[in-house]
Amino acid sequence: MLTLYTFGPAFGLPDASPFVVKAEMLLKLAGLPYRTDRGGFRRAPKGKLPFIDDDGEIVPDSTLIRLHIERKYGVDFDAGLTPEQRGAAWMFEKALEDHFYWHVVQARWCDDGNFARGPASFFKSIPWPVRPVAQKVIRRKIRNTLHGQGTGRYRPPEQQQLLARGTQSAAQLLGEKPYFFGDKPCGADATAFGFISGALTPSFDHLLRDEIEKHVNLTEYVARMRREFFPEV
């Protein structure tokens, strides 16, 4: 059976990582039987989760997992979409992954209160005398990554402007449809649920959550997707 390597449920979410949630939802959409394993991080090919073991074939990265499923199992996650919609769906996914994601990372890891309520728990296995040092080193590394990527260079008022425009665009794209591109979920919905639900969790306070909550269709979308695909969480 196909194995998906995950972090496991956290913060009221199916997984701590939106990329893992995306990968698991793709497996659900494809109708493939699978099991999850929380013990694979040290063996992750790219040093990140998720990755899958599909009958001995190791595939890292949520997008590469999607391409693997499409190629090996003949799944068309965007069946029924027009060529224009297929292009828009792919670009929408990348906007979520390369914009929303970094603001969530910054909120969870750089805000002291959010860090204490969330990521600090990842260090529990490290002995106490070393734990604060490890936390400091990792948080500094993340801040440097955010600065290099660009998100860490914005002041809060600038972030709010960007996130307001981003969430408004997502809400406009969804409109009154049950899914982002019609009456059936497509590949973009796996990404959308992973990243929008990750930002909405009440475990953390941040600007992106505040902006998403202004759009009822987005909050209802997350609730609907959770009931449909992750009722156990």
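Under an unreviewed UniProt entry, the chain has the name Glutathione S-transferase and belongs to Pandoraea vervacti.

A. The arrangement of the environment of L146 in detail. Relative to the helices and strands, L146 resides in helix α5 (residues 131-149). Looking at L146, the relative accessible area reads 1%, which means it is buried. Taking the C-alpha atoms as reference points, L146 and C110, 36 residues apart in sequence, are found 9.8 Å from one another. Residues in contact with L146, not counting those within four places in the same chain, are W102, V105, Q106, C110, T151 and G152.

B. Quick peek at the UniProt feature "domain: GST N-terminal" (unreviewed entry) in the chain. UniProt marks residues 7-77 with the feature "domain: GST N-terminal" (unreviewed entry), using the numbering shown here. Annotated as 35% helix and 17% strand, the span residues 7-77 places its first and last C-alpha atoms 25 Å apart.

C. Main features of the packing of helix α6 (residues 156-174) against helix α9 (residues 216-229). Packing of α6 against α9 leaves a shortest axis separation of 9 Å and a crossing angle of 70°. The orientation of α6 relative to α9 falls into the category roughly perpendicular. Our pair here, α6 against α9, has a crossing hand that is left-handed. The segment α6 lies against α9, with T167, A170, A171 and L174 engaging N217, L218 and Y221. For the contact of α6 with α9, the residue count by class is five nonpolar, two polar and no charged.

Quick notes on the rules
- Residues numbered from 1 in each chain as written.
- Predicted model: local features only at pLDDT ≥ 70, side-chain atom pairs only at ≥ 80, totals over all residues.
- Heavy atoms only, no water.
- Helix = DSSP H or I, 4+ residues; strand = E, 2+ residues; numbered from the N terminus.
- Buried < 20%, exposed > 50% of the residue type's maximum accessible area, 1.4 Å probe, protein only.
- Contact = heavy atoms within 4.5 Å.
- UniProt positions renumbered as here; feature names shortened; annotations may be inferred.
- Axes fitted to C-alpha atoms, helices over the stretch in contact; angles between N-to-C directions.
- Parallel < 35°, antiparallel > 145°, perpendicular 65-115°, else oblique.
- Left-handed = near helix turned anticlockwise from the far one by under 90°.
- Nonpolar A, V, L, I, M, F, W, Y, C, P; charged D, E, K, R; others polar.

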